[in-house]
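Chains, contacts and geometry: an overview
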Amino acid sequence: MFPQILFYLFSSVIVVSAICAIYNKSTMNSVLLLVLIFFNTSGIFLLLGAEFVAIVLVLVYVGAIAVLFLFVVMMLDTQIKNSLKNITKKQYFIFGLIGILIFTEIISVIYISLIDQKSLEVILYNSILKNENNTLEIGKVLYTDFLFIFQSLGLILFIAMIGSIALTLNKKRTFIKQQNISKQIARNKENSISMV
Amino acid sequence: MDSLNIYHFLTLSTLLFSIGLCGIFINRSNIIAILISLEIVLLGVNVSFISFSAFLQDISGQIFAIAILTIAGAEMAIGLAILIMHYQKNKNIDIQEISQIKG
């Protein structure tokens, strides 16, 4: 009984926050609703017994990416000046129709393809029931079987870091006065003193 | 209520995916809202991977979910860096006004 209550609570908050986040006029509200979505998704991952991924979600997604979003939203002026580019009611209807269509297609494929599975139950809180450690299981596999994926993810992060620093670096730094030591040492009496 | 089966989690995943997709269509002029909707799409896919990892008792779903997190982080960093440079030049973030990008 208790897992069902938790699941319906988390998933209802997720769905309502997602719908509010895309319809919002203010970008700051959207980012804060996104943080709420991340926390509730982390709760759902805890329900499934994946506690390492749940904590990594909070640390990385909320702690780094959502904070980055908040910095950018606070620095930029996010008013859309031209109000003629608003979406008409007919376009809203078409977008909603496309969304419902794709949802129905994916759901029907899922329900039909899983129809003759023997048991569809998901084992919840697996690591607590069997006294296993989710971090240990990920660690057993990540550095041996999935070593290539791990190293290439590090390379992708490195390239992203280089890319974003190279894009936003101010190349012209003329307002910073620096010392040129060799010029200072090469001063002699002839070019520093003049008789007036 | 019967116990939770895989259909519950996959319905949640599909719902998040389609809501994020609608968000990309609706917020065409606000690029930060497009990035937020993209994050919602990736989160829906993450939920699907983790729920299958619990259903099939296979750890590789969680490894791939960590990979998706990493790629989303890298993509957001570069996308926001490009957005900041564009804002410094044009002083607004209405992407329907971009006329300098040529095909």
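Here, every reference points to the structure presented above.
A short tour of the structure in this document, coming up. Because the structure is predicted, anything quoted here is derived from the model rather than measured.

1. Things to note about the packing of helix α1 (residues 2–22) of chain A against helix α1 (residues 6–26) of chain B
Running from amino to carboxyl end, α1 of chain A crosses α1 of chain B at an angle of 10°, the nearest separation of the two axes being 9 Å. Between α1 of chain A and α1 of chain B, the angle is such that the two are roughly parallel. Every residue of α1 of chain B that contacts α1 of chain A at Phe7, Tyr8, Ser11, Ile14, Val15, Ala18, Ile19 and Ile22 of chain A is listed here: His8, Phe9, Leu12, Leu15, Leu16, Ile19, Cys22, Gly23 and Ile26 of chain B. In terms of residue class, the contact of α1 of chain A with α1 of chain B is made up of 14 nonpolar, three polar and no charged.

2. Observations concerning α1 of chain A
End to end, α1 of chain A covers 31 Å across 21 residues, agreeing with the expected 30 Å (1.5 Å per residue, within 8%). What α1 of chain A keeps buried is the set Pro3, Gln4, Phe7, Phe10, Ser11, Ile14, Val15, Ser17, Ala18, Ala21 and Ile22 of chain A. For α1 of chain A, the secondary structure elements touched by its buried residues are α2 (27–47) of chain A together with α1 and α2 (31–55) of chain B.

3. Regarding the interface of chain A and chain B
With 78 residues of chain A at the interface, the matching set in chain B holds 69 residues. Interface of chain A and chain B: buried area, both sides summed, is about 7000 Å²; carbon and sulfur atoms make up 81% of it. The three residues of chain A that bury the most area against chain B are Ile22, Tyr61 and Phe69 of chain A, which together make up 9% of that side's buried surface. If you look at where chain A meets chain B, you find zero salt bridges. Joining chain A to chain B, the criterion identifies four residue pairs in polar contact (both at pLDDT 80 or more). Broken down by secondary-structure element, the contributors of at least two residues to the side of chain A that touches chain B are α1, α2, α3 (51–75), α4 (89–113), α6 (134–142) and α7 (147–168) of chain A. When residues in the side of chain A that touches chain B are grouped by element, the largest group, twelve residues, is from α3 of chain A. For the side of chain A that touches chain B, the per-class residue count stands at 58 nonpolar, 14 polar and six charged.

4. Points about the packing of aromatic side chains
Inspection of every chain in the model, using the stated rule, returns nine aromatic pairs over all chains. When the centroid spacing of 5.0 Å and the interplanar angle of 80° are considered together, the rings of Tyr143 of chain A and Phe150 of chain A count as edge-to-face. Summarising the aromatic geometry, the rings of Phe49 of chain B and Phe64 of chain B are spaced 4.9 Å apart at their centres and angled 45° between planes, so their arrangement reads as tilted. Placement of Phe49 of chain B in helix α2 and of Phe64 of chain B in helix α3 (residues 60–90) is noted, with a sequence separation of 15 residues between them. Three or more aromatic residues joined by ring pairs make a cluster, and in this case those are Phe7 and Tyr8 of chain A together with Phe9 of chain B.

5. Concerning α3 of chain B
Over its 31 residues, α3 of chain B extends 45 Å from the first C-alpha to the last, a length consistent with the 45 Å expected when each residue adds 1.5 Å. Lys91 of chain B, located one to two residues past α3 of chain B, shows a positive phi value of around 65°.

6. What about the nonpolar core?
Among the nonpolar cores identified, the biggest contains 57 residues, and Val53, Tyr61 and Phe69 of chain A together with Ile32 and Ile40 of chain B are the most heavily contacted of them. If you list the elements that add at least two residues to this core, you get α1, α2, α3 and α6 of chain A together with α1, α2 and α3 of chain B. If you tally residues by element for this core, the top one is α3 of chain A, at eleven residues. Not counting residues up to four positions away in its chain, the partners in contact with Phe69 of chain A are Val31 of chain A together with Ile32, Leu35, Ile36, Glu39, Met76 and Leu80 of chain B. Core analysis: the second largest hydrophobic core is formed by six residues, Ile110 of chain A together with Ile6, Leu10 and Phe55 of chain B among them.

The rules behind the values
- Going along each chain's sequence as written, the residues are numbered from 1 onward.
- By the order in which they are written, chains take letters starting at A while ligands take numbers starting at 1.
- It should be noted that, the model being predicted, local features are given only for residues of pLDDT at least 70 and side-chain atom pairs only at 80 or more, the latter also being counted only at that level, while totals for whole chains, interfaces and linings use all residues.
- Heavy atoms throughout the structure, all of them, feed into the side-chain values; hydrogens and water do not.
- Helix axes are fitted only over the stretch in contact, all axes being lines through C-alpha atoms; the angle between N-to-C directions runs from 0 to 180 degrees.
- Runs of H or I in DSSP of at least four residues are treated as helices and runs of E of at least two as strands, each being numbered from the N terminus.
- Here roughly perpendicular refers to angles of 65 to 115 degrees, roughly parallel to angles under 35, roughly antiparallel to angles over 145, and oblique to all remaining angles.
- Every residue pair with non-hydrogen atoms within 4.5 Å of one another is taken to be in contact.
- Following the grouping adopted for this structure description, the nonpolar residues are Ala, Val, Leu, Ile, Met, Phe, Trp, Tyr, Cys and Pro, the charged ones are Asp, Glu, Lys and Arg, and the polar ones are all others, Gly among them.
- By this rule the span expected of a helix is its residue count minus one, scaled by 1.5 Å.
- Each residue is assigned to one of three classes by its accessible area relative to the maximum for its type, calculated with a 1.4 Å probe on protein chains only: buried under 20%, partly exposed between the two thresholds, exposed over 50%.
- Two parts placed together each lose some accessible area under a 1.4 Å probe, and the buried area is that loss summed for both.
- Salt-bridge detection follows one rule: a side-chain nitrogen of Lys or Arg within 4 Å of a carboxyl oxygen of Asp or Glu.
- Any N or O atom pair separated by 3.5 Å or less is treated as a polar contact, with the protein-specific requirement of one donor-capable and one acceptor-capable atom, and with residues adjacent in sequence counted only for side-chain atom pairs.
- For Phe, Tyr and Trp, where Trp contributes only its six-membered ring, two rings pair if their centres lie within 6.5 Å, and the inter-plane angle classes them as stacked under 30 degrees, edge-to-face over 60, or tilted in between.
- Here, nonpolar core refers to any group of buried Ala, Val, Leu, Ile, Met, Phe, Trp, Tyr and Cys residues whose side-chain atoms link them within 4.5 Å.

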